[in-house]
Amino acid sequence: MTAAAGSAGRAAVPLLLCALLAPGGAYVLDDSDGLGREVRRHRRGQRRRGCRSAGGWGLCAAGLGRVLSRLTRTTEAVRFELNEDPEVQRPNFGASLHILKVEIGGDGQTTDGTEPSHMHYALDENYFRGYEWWLMKEAKKRNPNITLIGLPWSFPGWLGKGFDWPYVNLQLTAYYVVTWIVGAKRYHDLDIDYIGIWNERSYNANYIKTLRKMLNSQGLQQVKIIASDNLWESISAAMLLDAELFKVVDVIGAHYPGTHSVKDARLTGKKLWSSEDFSTLNSDTGAGCWGRILNQNYVNGYMTSTIAWNLVASYYEQLPYGRCGLMTAQEPWSGHYVVESPVWVSAHTTQFTQPGWYYLKTVGHLEKGGSYVALTDGLGNLTIIIETMSHKHSKCIRPFLPYFNVSQQFATFVLKGSFSEIPELQVWYTKLGKTSERFLFKQLDSLWLLDSNGSFTLKLQEDELFTLTTLTTGRKGSYLLPPKSQHFPSTYKDDFNVDYPFFSEAPNFADQTGVFEYFTNMEDPGEHHFTLRQVLNQRPITWAADASNTISIIGDYNWTNLTIKCDVYIETPDTGGVFIAGRVNKGGILIRSARGIFFWIFANGSYRVTGDLAGWIIYALGRVEVIAKKWYTLTLTIKGRFASGMLNDKSLWTDIPVNFPKNGWAAIGTHSFEFAQFDNFHVEATR
């Protein structure tokens, strides 16, 4: 018979009639000639022989800087849904992801902010900085078998010994990475399954070999290596020519492969992963992108793991790649969040497959556009995923997508081999596009095959996704209606008086260069005993174009008129300096070119007002009684086309014309990579 989206308003017609009146493609799903690649089990000690293996489907929580922890950890509605509701603890609730990939913080800018290293300095170790530890533990609560991956984006500066390069001392860099893996286990009972080299940057073959030896020396033989989280070509060719390198690399991971691998990568026989993909606005077009590549990464490129960047869009939306997560939770002050359509597209695959399943060899493209894959657990279960995403509604942010056409079609699937006697398939359906026609992960009437000789026909239209499966465990989880969206509070204060902070960073501040952490000032038992401190005194080994100054932004990008007041403490004599700022208009990988109104004071007894972070646009400058090791109060007022500043509540400069930008965030920061403290931050603003 014909599977139809009956409850979605699609009419069912007999199979024979369909076949006679609407000719279309016929596709055989058969395991008689063996199986394809395996979605590998990641539990230690379990290995299956035969087919080359892979890892499942997952998300990357990296490149977000410390923004994600600040913004999601205070979204109590999201935390309730994820942590407290017993319904959520059940499997097959939503996205049901198999992999979580996190950034190994390296103190540098990695797209939307900086993420602190566990070792700011050579003799410094702290395994409670950043959001990754919390996130990995929360993931393990939901899925104890989830695969954990770590990958460096940037590295702390001390590893480079004066060079912007992590391979100056191979042993030292390998030691640094291994301490992170060991710390994950020692302090958080987290077992890291895979480790990467350097995100989207040069690999060093000798470093990879050194890393493998150091992992083994620490009893971490079970931790596998992914290389090189960049392009296929170089690492694949090198592995074919270098037997030792070939031996130590377990997975070849490429970023944004456009659903294709290369010959050399396939010749290695290694697992092939799209180890970062998606990066697309989480609209229905983003969902179409995600649905298309989840299927076609295997159909075209034999990739058996696809990892989406990023996990949750929990950073200020005006930063680069705003809303490019599978869901959105960017308002901790309101608790508002949105479960976006890519979440339910994920469920079509992840709820009905598991690590340990195999792809069938009989997968491919549909005659009139789209693709199909089928997977089995080898125990009689079968899952078929069919997508018909159109070119217009499935463009990913990268790479370029050559034109293709998708049109209405009838597709007949014939089950053979061990699947020929399957009596029933559960049917799940998604239709992207117009609201009136839109359905997300809707369960339809099951499909009975007893009288059809193992065959069925589907009427397929553009931008649809079908999952047909023997599994009966699928479920579209429900969640509480989130609170209404609200703007960032127009009045905001933080005195940083937190004795034992759960996180190392203050909420809502988003570091764009440098690292700002809660600090206990032992030299001041009074008003400034607890402060926020910029803790880097050396430029990190960068992944992006970090600024020469450190800066942390906060607030509403649409703020126009605002007064910012903050106590500041310069720690570096003579050369030190700090600032407060308003209308800051750029962040993330664009931070070097940020404009705004910046009010600086320096330990050499001077002040400056600039129109940019780099300090090229000077509005005013002069002398002032300022020295290091003393607290001062700065106040910046911006109203309309004019700005004024006060030092210790006394006017220092007034009514400076500021025509650009018209709006932006508030910010604090330092003149260079230097220690400095901030306290009693207060902003009053209007949009």
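Just above, that's the structure.
Scope of this entry: the structure provided in the associated data block.

### Topic: the overall build of the chain
On a plain count of helices and strands, the chain comes out with 12 helices and 39 strands. The buried share of the chain, reckoned over its 687 residues, is 62%. Contacts spanning at least 24 positions in sequence make up 72% of the contacts within the chain whose residues lie at least 6 apart. Accessible surface, the chain: about 26,000 Å² in total, of which carbon and sulfur atoms supply 53%.

### Regarding the packing of helix H5 (residues 132–142) against helix H6 (residues 170–188)
It is at 12 Å that the axes of H5 and H6 come closest, and there the two elements cross at 60°. For the element pair H5 / H6, the angle class is oblique. Here H5 and H6 pass one another in a crossing that is right-handed. Mapping the contact onto sequence places Trp133, Met136 and Lys137 in H5 and Trp180, Ala184 and His188 in H6. Within the contact of H5 with H6, the residues separate by chemical class into four nonpolar, one polar and one charged.

### Some words on the sheet that holds strand S26 (residues 510–513)
Taken together, the seven strands give an open sheet; going across it, the order is S26-S29-S38-S31-S32-S33-S34, and neighbouring strands pair in antiparallel fashion. Two strands lie at the open edges of the sheet, namely S26 and strand S34 (618–623), each paired on one side alone. Here the average twist between neighbouring strands, direction ignored, is 20°. As defined by bridge partners, strand S29 (residues 550–554) adjoins strand S38 (residues 665–670) across five bridges and the pair is classed as antiparallel. Counted as the bridge partner of isoleucine 551 is glycine 669 from S38.

### Concerning helix H7 (residues 205–217)
Its 13 residues place the ends of H7 19 Å apart at the C-alpha level, agreeing with the 18 Å of an ideal helix rising 1.5 Å per residue. Of the residues making up H7, those classed as buried are Tyr207, Ile208, Lys209, Thr210, Leu211, Arg212, Met214 and Leu215. Of the surrounding secondary structure, the elements contacted by the buried residues of H7 are H6, strand S8 (194–195), strand S9 (224–230), helix H8 (233–241) and helix H9 (243–248). Measuring from the side-chain oxygen of the N-cap residue of H7 to the backbone nitrogen of asparagine 206 gives 2.9 Å; that N-cap residue is asparagine 204.

### Here we look at the packing of H6 against H7
One way to put it is that H6 packs onto H7 with a least axis distance of 9 Å and a crossing angle of 45°. Between H6 and H7, the crossing angle belongs to the class labelled oblique. Taken as a pair, H6 and H7 cross one another with a handedness that is right-handed. For the pair formed by H6 and H7, the contact residues are Leu170, Gln171, Thr173, Ala174, Tyr175, Val177, Val178 and Ile181 on the first element and Asn206, Tyr207, Thr210, Leu211, Met214 and Leu215 on the second. Counted by class, the contact of H6 with H7 contains 10 nonpolar, four polar and no charged residues.

### Describing the sheet that holds strand S15 (residues 336–338)
Strand order in this open sheet of three strands is S13-S14-S15, and the pairing throughout is mixed. With partners counted over all chains shown, the strands left at the sheet margins are strand S13 (312–313) and S15, one partner each. Bridge analysis of S13 against strand S14 (residues 327–331) gives two bridges, and the strand direction is parallel. Considered in S14, the bridge of valine 312 is made with methionine 327.

### Some words on the state of the cysteines
If you walk through the whole model with that rule in mind, you get one disulfide. The disulfide bridge from cysteine 289 ends at cysteine 396, spanning 2.0 Å between sulfur atoms. Disulfide cysteine 289 to cysteine 396: torsion about the S-S bond roughly 100°, handedness right-handed. Of the two residues, cysteine 289 sits in helix H11 (residues 284–301) while cysteine 396 sits in the loop between strand S19 (382–387) and strand S20 (409–415), which places them 107 residues apart along the sequence. Each member of the pair cysteine 289 and cysteine 396 is classed as buried.

### Structural notes on the packing of aromatic side chains
Throughout the structure, instances matching the rule amount to 44 aromatic pairs. With a centroid separation of 6.3 Å and an interplanar angle of 80°, the aromatic rings of tryptophan 158 and tyrosine 176 are classed as edge-to-face. Remark: tyrosine 176 occurs in helix H6 and tryptophan 158 occurs in the loop between strand S7 (147–152) and H6; sequence separation between them is 18 residues. The same class applies to tryptophan 158 and to tyrosine 176, which are both buried. Consider the rings of phenylalanine 413 and phenylalanine 456, whose centres lie 5.6 Å apart with planes at 20°: the pair is stacked. Taken as a pair, phenylalanine 413 in strand S20 and phenylalanine 456 in strand S23 (residues 455–460) lie far apart in primary sequence, 43 residues in all. Classification of phenylalanine 413 by relative accessible area gives buried; the value is 0%. Each member of the aromatic cluster is reached from another via a ring pair, and the members are Phe155, Trp158, Trp165, Tyr167, Tyr176, Trp198 and Tyr207. Across from the ring centre of phenylalanine 246, 4.5 Å away, lies the NZ or CZ of lysine 270, which sits over that ring. When the ring centre of phenylalanine 675 is taken as reference, the NZ or CZ atom of arginine 533 above it lies at 4.4 Å.

### Considerations on the pattern of salt bridges
A full pass over the atoms with the stated rule returns 14 salt bridges. Measuring nitrogen to oxygen at the nearest pair gives 2.8 Å for the salt bridge that ties aspartate 242 to lysine 209. Of this pair, aspartate 242 sits in the loop between H8 and H9 while lysine 209 sits in helix H7; the two residues are 33 residues apart in sequence, bridging distant segments of the chain. The class for lysine 209 is buried, based on a relative accessible area of 11%. One network of salt bridges, in which partners are shared, links Asp124, Arg129 and Glu517.

### With respect to H6
The end-to-end C-alpha distance of H6, which contains 19 residues, comes to 27 Å, matching closely the 27 Å that a straight helix rising 1.5 Å per residue would cover. Here H6 has its buried residues at Thr173, Ala174, Tyr176, Val177, Val178, Thr179, Trp180, Ile181, Gly183, Ala184 and His188. Residues of H6 that are buried make contact with strand S6 (99–104), H5, S7, S8 and H7. Among the residues of H6, the N-terminal cap falls to asparagine 169, whose side-chain oxygen and the backbone nitrogen of glutamine 171 are separated by 3.2 Å. Two residues or fewer after H6 comes aspartate 189, characterised by a positive phi angle close to 55°.

### Some words on the nonpolar core
Leu100, Ile195, Leu211, Ile601 and Phe681 are the most contacted members of the largest nonpolar core, which totals 172 residues. Counting residues in hydrophobic clusters, the runner-up holds 25 residues, among them Tyr27, Leu382, Ala411 and Leu447.

### Topic: empty space enclosed by the protein
With a probe scaled to a water molecule rolled over the atoms, the places where space remains empty come into view. In the structure shown here, the tally under the stated rule is two cavities of 30 Å³ or more. In this structure, the largest cavity encloses a volume near 70 Å³. Considering the residues around the largest cavity, the lining is formed by Glu103, Ile104, Gly105, Pro116, Ser117, His118, Asn126, Arg129, Glu132, Trp133 and Trp180. Taken together, the residues of the lining of the largest cavity sort by class into four nonpolar, four polar and three charged. In this structure, the second largest cavity encloses a volume near 50 Å³. Contributing to the lining of the second largest cavity are Asp107, His120, Tyr121, Pro156, Gly157, Trp158, Leu536, Asn537 and Gln538. In terms of residue class, the lining of the second largest cavity is built from four nonpolar, four polar and one charged.

Here is what the cut-offs are and how they apply
Residues numbered from 1 in each chain as written. Predicted model: local features only at pLDDT ≥ 70, side-chain atom pairs only at ≥ 80, totals over all residues. Heavy atoms only, no water. Helix = DSSP H or I, 4+ residues; strand = E, 2+ residues; numbered from the N terminus. Buried < 20%, exposed > 50% of the residue type's maximum accessible area, 1.4 Å probe, protein only. Contact = heavy atoms within 4.5 Å. Areas by Shrake-Rupley, 256 points an atom, 1.4 Å probe, with all protein chains shown as cover. Axes fitted to C-alpha atoms, helices over the stretch in contact; angles between N-to-C directions. Parallel < 35°, antiparallel > 145°, perpendicular 65-115°, else oblique. Left-handed = near helix turned anticlockwise from the far one by under 90°. Nonpolar A, V, L, I, M, F, W, Y, C, P; charged D, E, K, R; others polar. Pairing = 2+ DSSP bridges. Expected span 1.5 Å × (residues − 1). Polar contact = N/O pair within 3.5 Å; in protein donor to acceptor, adjacent residues only side chain to side chain. Disulfide = S-S within 2.5 Å. Phe/Tyr/Trp six-rings, centres within 6.5 Å; stacked < 30°, edge-to-face > 60°. Lys NZ or Arg CZ within 6 Å of the ring centre and 35° of its normal. Salt bridge = Lys/Arg side-chain N within 4 Å of Asp/Glu carboxyl O. Core = buried A, V, L, I, M, F, W, Y, C linked by side-chain atoms within 4.5 Å. 1 Å grid on protein atoms, 1.4 Å probe; cavity = no way out; pocket = protein on both sides within 12 Å on 5 of 7 lines; lining within 4 Å. Points joined across faces, edges and corners; volume = space filled by probe spheres on them.

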